[in-house]
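Listed here are the chains, written in short residue letters.
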Amino acid sequence: GDRARVLEKDILTLDLAELFPETPVNIIGNLPYHISKDLIDWFIAQRARIGAAVVMLQRDFVDKLLAGAGSKKYNAQSVVFQTFFRARRCFNVPAGAFQPKPKIVSTVLAIRPNESPYPAAAGFSARISGQSGQSGRPAGCVPWGACQEWEARRYPATIRGFPESAPLSQFA
């Protein structure tokens with residue numbers, strides 16, 4: 001019917017505002033795990049057109065997205081994702097559910113956009129997330145005083161130096 005459309009396309013190339021200008025859309029997919037980080041960046045960029053999403057991703061990646069402050073898995077992408085989305089882990093899918101059997105466990109994740117309290121944060125957060133190094137800190141931003149955007153927000157030095165230890169509320 002008119003309510004569902006199946007698109008066989010590279011999700012990273014879709015412009016939801018162009019395809020669905022009238023109303024936010026719901027997204028369902030089992031997406032390639034190797035594009036998970038890029039997919040989350042795409043979700044952030046397209047969030048105004050997303051009503052809800054249910055996606056299957058690698059469990060380890062979901063653990064990072066949902067990690068809390070102070071956790072070893074909490075990083076810049078955790079902060080960005082949790083700023084713009086509410087998400088809940090629906091269930092894990094064991095490796096044995098697939099043929100051939102992969103070496104990883106999958107997680108089904110339900111996602112809804114938040115009303116962002118930071119209207120100008122989209123570009124800032126995408127740059128932070130996109131430039132993250134292995135530690136989750138933006139590349140080229142050590143010391144954090146070199147990051148004008150962080151400085152402009154006047155975060156305490158402990159947060160500027162180690163954002164993975166700060167709760168999401170500290171980024172307001």
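Just so you know, these numbers come straight off a predicted model, no measurement behind them.

What counts, and at which threshold
Residues numbered from 1 in each chain as written. Predicted model: local features only at pLDDT ≥ 70, side-chain atom pairs only at ≥ 80, totals over all residues. Heavy atoms only, no water. Helix = DSSP H or I, 4+ residues; strand = E, 2+ residues; numbered from the N terminus. Buried < 20%, exposed > 50% of the residue type's maximum accessible area, 1.4 Å probe, protein only. Areas by Shrake-Rupley, 256 points an atom, 1.4 Å probe, with all protein chains shown as cover. Core = buried A, V, L, I, M, F, W, Y, C linked by side-chain atoms within 4.5 Å. Contact = heavy atoms within 4.5 Å. Pairing = 2+ DSSP bridges. Axes fitted to C-alpha atoms, helices over the stretch in contact; angles between N-to-C directions. Phe/Tyr/Trp six-rings, centres within 6.5 Å; stacked < 30°, edge-to-face > 60°. pLDDT = per-residue confidence, 0-100. Left-handed = near helix turned anticlockwise from the far one by under 90°. Nonpolar A, V, L, I, M, F, W, Y, C, P; charged D, E, K, R; others polar.

A. Representation of the overall build of the chain in the model. Counting its secondary structure elements, the chain contains seven helices and four strands. For the chain, the sequential pattern of α-helices and β-strands runs α-β-α-β-α-α-β-β-α-α-α. Of all 172 residues assigned to the chain, the portion counted as buried reaches 40%. As presented, the chain carries roughly 10,100 Å² of accessible surface, and 53% of it is formed by carbon and sulfur atoms.

B. Structural detail: the nonpolar core. The biggest cluster of nonpolar side chains holds 26 residues, and the ones touching the most others in it are Ile11, Ile27, Trp42, Phe43, Leu57, Leu109 and Ile111. It is helix H2 (residues 36-46) that contributes the most residues to this core, five residues altogether. Beyond its immediate chain neighbours, meaning those up to four positions away, phenylalanine 43 contacts Ile27, Ile50, Ala53, Val55, Phe85 and Ile111.

C. Quick look at the sheet that holds strand E3 (residues 85-93). Read across the open sheet, the four strands follow the order E1-E2-E4-E3; overall the sheet is mixed. Since the sheet does not close on itself, it has two edges, and those belong to strand E1 (25-30) and E3, each with one partner. With strand direction ignored, the average angle separating the axes of adjacent strands in the sheet is 15°. Sheet topology note: the strand E2 (residues 50-58)/strand E4 (residues 106-113) ladder contains six bridges and is antiparallel. Note on E4: the bridge partner recorded for valine 55 is leucine 109. Those strands touched by helix H4 (residues 76-84) are E3 and E4, and its axis lies near 110° from that of E3.

D. The arrangement of the packing of aromatic side chains in detail. Evaluated as defined, the whole model comprises three aromatic pairs. On the numbers, 6.1 Å between centres and 75° between planes, the contact of phenylalanine 43 with phenylalanine 85 is edge-to-face. Of this pair, phenylalanine 43 sits in helix H2 while phenylalanine 85 sits in strand E3, and the two are 42 residues apart along the sequence. The pair formed by phenylalanine 43 and phenylalanine 85 is uniform in burial state, with each residue classed as buried. A centroid spacing of 5.3 Å and a plane angle of 25° characterise the contact between phenylalanine 81 and phenylalanine 85, whose relative ring orientation is stacked. Grouping residues by exposure puts phenylalanine 81 and phenylalanine 85 together as buried. Among the aromatic side chains, those forming a connected cluster through ring pairs are Trp42, Phe43, Phe81 and Phe85.

E. The arrangement of the environment of leucine 39 in detail. As for its position among the elements, leucine 39 is in helix H2. Leucine 39 gets classed as buried once you look at its relative accessible area, which sits at 1%. On a C-alpha basis, the gap between leucine 39 and leucine 12 in space is 6.6 Å, while along the polypeptide they are 27 residues apart. If sequence neighbours within four positions are ignored, leucine 39 has contacts with Ile11, Leu12, Leu31 and Leu57.

F. Main features of unusual backbone geometry. Cis peptide bonds are those with omega within 30 degrees of zero, and the linkage from glutamine 99 to proline 100 qualifies with -5°. Looking at the element boundaries, proline 100 is found in the loop between E3 and E4.

G. Local environment of the confidence of the model for the chain. When the pLDDT values of the chain are averaged, the result is 76; 66% of them are 70 or greater. Confidence over residues 120-151 falls short of pLDDT 50; this stretch has 48 contacts with residues more than four positions distant or in other chains. In the model, residues 154-162 has pLDDT below 50 throughout and makes 15 contacts with residues more than four positions away in sequence or in other chains.

H. Region of the structure containing the packing of H2 against H4. It is at 10 Å that the axes of H2 and H4 come closest, and there the two elements cross at 35°. Crossing handedness for the pair H2 and H4: left-handed. Contacts from Lys37, Ile40, Asp41 and Ile44 of H2 reach H4 at Gln77, Val80, Phe81 and Phe84. When the residues that make up the contact of H2 with H4 are grouped by side-chain class, the tally is five nonpolar, one polar and two charged.

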